[in-house]
Amino acid sequence: MKNKLVSLLFLLWLLITLVACKPKEPTVQNNIVIGFSQSGTESSWRKAHTTSILDGLKKNKYQVIYRNGLMDQERQIQDIRSFIAYRVDMIVFTPLTKDGWEPVLKEAEQAGIDVILVDRDINSASSDLYLSHIGPSFKAEGNRAGIYVNNYFKEQPERKINVLELSGLTSASPTTLRSDGFREAIGREQNITVIQTVYGDYTRNKGKEVIRNLIKHNQLKEIDVLFSHNDEMTLGALDALKETAIQPGKDLIIVTIDGQENIIEELRAGRVNCVVECNPQAGYYVARAIERRLDGDNKQIPHEIYMPETVFSDQGDLDSIPTRNY
Ligand code: AHR
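Not measured: the values here are computed from a predicted model. (Residues numbered from 1 in each chain as written. Predicted model: local features only at pLDDT ≥ 70, side-chain atom pairs only at ≥ 80, totals over all residues. Heavy atoms only, no water.)

### Digging into the sheet that holds strand β4 (residues 114-118)
Strand order in the open sheet formed by six strands is β2-β1-β3-β4-β5-β11, and the pairing between neighbours is parallel. Both edges of this open sheet fall to β2 (63-68) and β11 (304-306), since each of them pairs with a single strand only. Across the sheet, the mean angle from the axis of one strand to that of its neighbour is 20°, orientation sign disregarded. Examined bridge by bridge, β4 and strand β5 (residues 132-135) share three bridges and lie parallel to one another. Across the sheet, Leu117 pairs through a bridge with His133, a residue of β5. Taken strand by strand, helix α2 (residues 44-59) contacts β1 (33-38), β2 and β4, and its axis lies near 180° from that of β1. (Pairing = 2+ DSSP bridges. Helix = DSSP H or I, 4+ residues; strand = E, 2+ residues; numbered from the N terminus. Axes fitted to C-alpha atoms, helices over the stretch in contact; angles between N-to-C directions. Contact = heavy atoms within 4.5 Å.)

What follows is the structure, encoded as structure tokens:
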């Protein structure tokens with residue numbers, strides 16, 4: 001009887017020791033829930049951006065609640081409210097437009113939920129309402145587009161160069177910043193000016209529609225350069241130009257932003273002159289920021305994280321451009 005009691009006590013001690021010595025859980029846990037609200041599905045670029053973030057989060061074994069706002073801000077706000085009600089561990093979202101997010105961000109703050117902005121930025125009186133913004137430098141993209149135009153016409157300083165700007169959605173941050181960056185660069189040359197701006201909302205159909213309208217009213221005659229804020233609108237414009245005698249890439253210099261595979265084909269075919277890359281592969285950076293934040297060691301997360309980007313143009317080696325996955 002005494003022996004049995006000793007063995008029982010020994011087993012109990014062994015059990016307690018084993019539980020106490022169990023290795024610590026790895027930093028990344030699979031019971032963390034992230035709410036991800038994407039702004040739309042307007043372009044291949046956007047789809048690649050969504051995939052990259054979902055893959056990045058899943059790689060870290062986070063559970064993801066994914067919602068798409070389908071280019072409707074009210075819908076996105078409701079999606080974010082549903083994440084707060086669910087009490088997710090963190091919210092990641094692409095703001096469709098710059099304004100109107102403060103009330104819902106304050107609700108997240110009151111609920112103690114951190115928010116990371118991805119891709120687009122917001123106008124807000126208080127930048128404390130979000131932990132970090134991870135995305136491209138839109139102003140630098142506009143700058144790069146302008147520098148290409150300056151270089152292209154550098155041997156013709158006396159010639160007046162007219163630029164048509166095919167802009168994105170009026171209320172979105174890349175639209176203002178790309179415009180500012182472009183104007184800042186061409187402002188260094190006296191002979192280059194934006195003489196007209198039209199809005200194509202970042203979609204192919206709208207891009208085609210507005211360029212078609214200009215063609216109809218004979219308003220492309222004076223234009224030397226088309227600066228388009230994204231590839232989808234450029235593809236729409238190229239479609240519209242097929243109905244004219246204008247040769248894109250020759251009679252009309254075309255500079256576009258994004259770097260989708262289908263626009264690189266147009267660059268190789270000589271119908272587009274310059275493609276400023278906008279990097280959609282945000283997943284790694286987002287997952288890394290969340291990991292550091294949830295680590296519990298109070299690691300610093302930069303308030304602004306810019307992703308690396310480049311430029312492809314008819315001045316470079318087009319064979320060396322790596323295949324794009326978007
Ligand atoms: O916010 C990034 C922009 O949005 C991309 O350039 C464009 O393709 C998308 O619609």
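That covers the picture; the talk isn't over yet.
### Comments concerning the packing of aromatic side chains
Scanning the model with the defined rule gives six aromatic pairs in all. With a centroid separation of 5.4 Å and 40° between ring planes, the pair formed by Phe36 and Tyr66 is classed as tilted. Here Tyr66 lies in strand β2 and Phe36 lies in strand β1, a separation of 30 residues in the sequence. Arranged with centres 5.4 Å apart and planes meeting at 80°, the rings of Tyr284 and Tyr285 form a pair that is edge-to-face. Overall, the relative accessible area of 24% leaves Tyr285 in the partly exposed class. Following the ring pairs from residue to residue traces out a cluster consisting of Tyr148, Tyr152 and Phe153. (Phe/Tyr/Trp six-rings, centres within 6.5 Å; stacked < 30°, edge-to-face > 60°. Buried < 20%, exposed > 50% of the residue type's maximum accessible area, 1.4 Å probe, protein only.)

### Structural notes on the sheet that holds strand β10 (residues 274-277)
Strands sit in the order β7-β6-β8-β9-β10-β12 across an open sheet of six strands; the sheet is mixed. Across the chains shown, the open sheet's two edge strands, defined by having one partner strand only, are β7 (192-199) and β12 (311-313). Direction aside, the axes of adjacent strands within the sheet are offset by 15° on average. Strands in contact with helix α6 (residues 173-186) are β6 (161-167), β7, β8 (225-228) and β9 (253-258); relative to β7, the strand with the most contacts, it is inclined by about 165°.

### Notes on α6
With 14 residues, α6 extends 20 Å between its outermost C-alpha atoms, agreeing within 8% with the 20 Å of an ideal straight helix rising 1.5 Å per residue. What α6 keeps buried is the set Ser173, Pro174, Thr175, Arg178, Ser179, Gly181, Phe182, Ala185 and Ile186. Among the structural elements, α5 (138-152), β6, β7, β8 and β9 are those in contact with the buried residues of α6. (Expected span 1.5 Å × (residues − 1).)

### A closer look at the site of the ligand
Lining the immediate surroundings of the ligand are Glu42, Ser43, Trp45, Arg46, Asp119, Arg120, Pro174, Arg178, Tyr202, Asn230 and Asp258. One of the side-chain nitrogen or oxygen atoms of Glu42 is found 2.5 Å away from an oxygen atom of the ligand. Contact with the protein chains removes 100% of the 280 Å² of surface that the ligand exposes when unbound. Across the shell around the ligand, the residue classes tally to three nonpolar, two polar and six charged. Shared between two domains, the shell around the ligand holds at least three residues of each, these being domain 1 (28-136 + 280-308) and domain 2 (138-278). (Near = heavy atom within 4 Å. Polar contact = N/O pair within 3.5 Å; in protein donor to acceptor, adjacent residues only side chain to side chain. Areas by Shrake-Rupley, 256 points an atom, 1.4 Å probe, with all protein chains shown as cover. Nonpolar A, V, L, I, M, F, W, Y, C, P; charged D, E, K, R; others polar. Domains from an automatic or database assignment.)

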